[in-house]
Every structure is written in C-alpha cells, then in structure tokens.
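# Structural characterization, general
So the chains spell out like this:
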Amino acid sequence: MAAFRDMEEVSQGLLSLLGANRAEAQQRRLLRRHEQVVERLLETQDGAEQRLREVLTVEKDVAQSLLNAKAEAHQGGVELQQLEAELQRASEEDARLKASLLQLSRELEELKEIEADLERQEREVDEDTTVTIPSAVYVAQLYRRISKIEWDYECEPGMIKGIHHGPSVAQPIHLESTQLSKKFISDYLWSLVDTEW
C-alpha cells in the first residue's frame, strides 16, 4: 500500500514538471488516467483488506464454534458412556429383581399348596371332632362303665396303669407292655370285668 502512495507522489511530481508543455497535456491525461487506476487499485485493496479482516473474523468464529462443537461432542460422549453404564446397572438390577420375583412366586405357590393342605386337614379335623371324637368319647365312656377301670394317662410309655373299681374293693393295675403279650394283657383286663349285671 505504501508503494502505491509513492507512485502517486511521483506521478503528481511528473505532472507538475510537464505542465507547461503541450505534449505535456497528453502526458497529463495519461497520468490522470494512471492516477484513477491507482486510486481504484487502492480502493480495491482497501476493500480487499476489509473483506480479508471479515473473512478472518468469520474463520475465527467458525473455528471457535468447531472447538465448542468438539467439546460438546466429547461431553456428550462422556454422558453417553455414563448413561450406558447406568443402563447396564439397571439391567442387572432388573434381572436380579426378576429372579427374586420368580423365587418369591415359587415360595408363594408352595405356601398356597401348604395353605390348601392345612385347610383340607382342618376340614378333616373338624369332621373328626364333630363325628369321630364324640363317638370315640362315647365308646371310651361305655368301656369305663363296663370295665370300671380308671386309666392313668400320664404314666410312662410302655406301662399300663390304672385303678379297677370292683364290686367290693378298688384294685390297682400295673402292667409292663414290653414284657407281656397283648393277648395276656387283654385277657387279664377282661377278667377284671364283673360278669354279673
């Protein structure tokens, strides 16, 4: 740009020297024309420099945007990895909960079966208490009235104890079932029963 200004000064100096001459008129025209070209060239250069500054500013903004986009992409990648890790943990937790739910479902089914079995047993016990036990109590009372034997239900296992209330005297009963046969025990107990009514 400084070179163009120097050329302009030289051109003006030449014009002033040649101003007196007619041939100088033609040179003046040429020099004016030259000046116009130089002025246009300087204007174009100024415009080009302005545009270059604008392009550099735009390039700087684009480069900054690109750096920001790269940083955001990197941050997005980090967040994506974190989300994938969380998804993996959630999947593992889901699988664990499903396994636990399956185990609990099995246990629930087992408990339902146990409950149904208990209800069945309870019905059977209810039937026994309403039908079997009263008849068993009646039979036991009948045997007691006939045999007149009062049993000791709290004696040791393997022992048969009680009191026979005979017609004249009460007689204790003390038998070891491990040493005596069932037939002997049965015959002995029936022998205590009074045959007279």
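Note that the structure is a prediction, hence the values are computed from the model and not measured. (Residues numbered from 1 in each chain as written. Predicted model: local features only at pLDDT ≥ 70, side-chain atom pairs only at ≥ 80, totals over all residues. Heavy atoms only, no water.)

### Regarding the nonpolar core
In terms of nonpolar packing, the biggest core is built from seven residues, these being Ile149, Ile160, Ile173, Leu175, Ile185, Leu189 and Leu192. Looking at this core, the elements with two or more residues in it are strand 3 (170-176) and helix 3 (182-191). Ignoring anything within four residues of it in the chain, the contact list for Ile185 reads Ile160, Leu175, Ser177 and Leu180. (Core = buried A, V, L, I, M, F, W, Y, C linked by side-chain atoms within 4.5 Å. Buried < 20%, exposed > 50% of the residue type's maximum accessible area, 1.4 Å probe, protein only. Helix = DSSP H or I, 4+ residues; strand = E, 2+ residues; numbered from the N terminus. Contact = heavy atoms within 4.5 Å.)

### Details of a negative patch on the surface
Where like charges cluster on the molecular surface, the negative patch consists of Glu115, Glu119, Glu122, Asp126 and Glu127. Following the sequence through the fold, Glu122 ends up in helix 2 (residues 23-147). (Patch = residues over 30% accessible without salt bridge, like charges linked within 9 Å, V, L, I, M, F, W, Y side chains within 5 Å. Areas by Shrake-Rupley, 256 points an atom, 1.4 Å probe, with all protein chains shown as cover. Salt bridge = Lys/Arg side-chain N within 4 Å of Asp/Glu carboxyl O. Lys, Arg positive; Asp, Glu negative; His and termini not counted. Charge placed at Lys NZ, Arg CZ, Asp CG, Glu CD.)

### Some remarks on the pairing of strand 3
Sheet topology note: the strand 2 (residues 159-165)/strand 3 ladder contains seven bridges and is antiparallel. Across the sheet, the residue bridging to Ile160 is Leu175, located in strand 3. The loop that links strand 2 with its antiparallel partner strand 3 comprises four residues. (Pairing = 2+ DSSP bridges.)

### What about the environment of Glu176?
Relative to the assigned elements, Glu176 resides in strand 3. Residue classification places Glu176 among the partly exposed residues on the basis of a relative accessible area of 31%. Along the primary structure Glu176 and Gly158 are separated by 18 residues, whereas in three dimensions their C-alpha atoms are 6.0 Å apart. Dropping the residues within four chain positions of it, Glu176 is found in contact with Gly158 and Met159.

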